[in-house]
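A closer look at the structure
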Amino acid sequence: MQSNESIVVINAGSSSIKFSLYSGAALELTFRGKIENLYSGVTHFAAEDAQENSIGERRWPDAPLDHAAAMAYLLEFADSHLDGHTVVAVGHRIVHGGVHYSGPQRLDDSVLSKLEQLIPLAPLHLPHNLAPVRAMMALTPDLPQVGCFDTAFHVGQPAEAQSFALPERITAQGVRRYGFHGLSYEYIAASLPQADPALAQARVVAAHLGNGASMCAIDAGRSVASTMGFTAVDGLPMGTRCGALDPGVVLYLIDELGMSVSAVQKMLYQESGLLGVSGIASDMRTLEQSSEPRARAAIDLMVYRIGRELGSLAAALGGLDALVFSGGIGENSASLRAAVCADAAWLGVQLDGAANAASGHGIRRISSAASRVAVWVVPANEELMIAQHTKDLLEPA
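Residues numbered from 1 in each chain as written. Predicted model: local features only at pLDDT ≥ 70, side-chain atom pairs only at ≥ 80, totals over all residues. Heavy atoms only, no water.

1. Details of the pattern of salt bridges
Spelled out, the test is: We define a salt bridge as a side-chain nitrogen of Lys or Arg found within 4 Å of a carboxyl oxygen belonging to Asp or Glu. For helices the rule is a DSSP run of H or I covering at least 4 residues; for strands it is a run of E covering at least 2, with both sets numbered from the N terminus onward. Three exposure classes are used, based on accessible area relative to the maximum for each residue type with a 1.4 Å probe and protein chains only: buried under 20%, partly exposed in between, and exposed over 50%.
Tallied over the entire structure, the rule returns 11 salt bridges. Here Asp150 and Arg93 are joined by a salt bridge, their closest N and O atoms 2.6 Å apart. With Asp150 in the loop between strand S8 (145-149) and helix H4 (159-162) and Arg93 in strand S6 (residues 86-94), this residue pair connects regions lying 57 residues apart in the sequence. Per residue, the accessibility class of Asp150 equals that of Arg93, and both read buried. For the salt bridge of Asp283 with Arg285, the shortest nitrogen-to-oxygen distance reads 2.7 Å. The structure contains a network of salt bridges with shared partners spanning Asp109, Glu116 and Arg134.

2. Details of the sheet that holds strand S13 (residues 364-365)
Which entries qualify depends on this criterion: Here the rule is simple: two strands pair whenever DSSP picks up at least two bridges between them. Any two residues having at least one pair of non-hydrogen atoms within 4.5 Å are treated as being in contact. Every axis in this analysis is a line fitted to C-alpha atoms, fitted for helices over the stretch in contact. Angles between the N-to-C directions lie between 0 and 180 degrees.
Here six strands make up an open sheet; going across it, the order is S11-S10-S9-S12-S14-S13 and the pairing mixed. Either end of the sheet is taken by a strand with one partner, and the two such strands are strand S11 (222-226) and S13. Where strand S9 (residues 203-209) and strand S12 (residues 322-326) come together, five bridges link them in parallel fashion. Residue Ala207 lies in a different strand from S12, and its bridge partner there is Phe325. Sheet strands in contact with helix H13 (residues 334-343) are S9, S12, S13 and strand S14 (374-377), and its direction is about 155 degrees off that of S12.

3. Some remarks on the sheet that holds strand S3 (residues 28-36)
Here eight strands make up an open sheet; going across it, the order is S5-S4-S3-S2-S1-S6-S8-S7 and the pairing mixed. Bordering the open sheet on either side are strand S5 (54-60) and strand S7 (105-106), each of which pairs with just one other strand.

4. Some points on H13
Applicable threshold: This arc describes the spread of directions from the helix axis toward the C-beta atoms.
For H13, the set of buried residues is Leu336, Arg337, Val340 and Cys341. Summarising the axial view, the buried residues of H13 lie within an arc of 130 degrees, below the 170-degree limit, and thus occupy one face.

What follows is the structure, given as structure tokens:
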């Protein structure tokens, strides 16, 4: 890429679009922002430069925008703030790539049709990931668009880590463990050796903890096991998702309690997790500030499940050299990190209390010098990975 060329990165949800613009061969962040409250309420646009200075803000109080209108406004804003730069491609975070897409993919109608068939596997995410792609195709049909998949990093896992104990006729139809948050884990795997070269060959468990939460076992930079499986509702309790659940519970809810499939899906994805257990909120910050016993119970359950999965993933690795926290909760909740590390003392984890409590940006070690397992905080940066993949696809070696 030339110094005056830029890549736009889009991370779209059901009611928001996060965007970033990276420029030049070094992919330097130019600006980033978010469009919130799509479809309902007052749509709000805000953008800031790389130094976190506001460079734009707008509200639509009379008629909320949809994904297409939001993308049209974003293109208009980008055109007026490029300062001589040209957008050469758009990279999109797409949650599910299924069995067909194990790496970045140039997006066209054929690819989108295949991805739309995967919507039942990620019903809360995939439709909204694809909506801006369709919008951009209509607005700028000649602008290359690249899909980067959260499942791709896990494709190389051992067969036994990807398999359910189901009949082959079902497995052959794509019913298997996919794993998610792969872009976050790929960034962690690439960043850790820059902080400590010895970690390039290390056995690492990374915990991406946010409204969506999962953990991944990484051996020498490669995924070998993950807590999420066929869908993004598996594994750890999350903000509103239940995490791992005996499938017999689903059968019971339908057969004995008379719940419809759609009602069960809504409960598992939107009414469970921290919100369901606490009855208060899905936001860890709210729960940590609450004196309600149910808030404490929700936090304790999440810590317990992280500890259980940590032991399982350490077993998959045959040992543990480093533990990494990332994501909104992992990066910002010192108390949760402390609780997880206290439970992991049996693995040789020893936290440095002052380092854990200290605020800071960037990659930092928070374990003591005597800890047999290094503990790190690595801020999530899926957007940079998407920009890099988009650039690499446009400029093959």
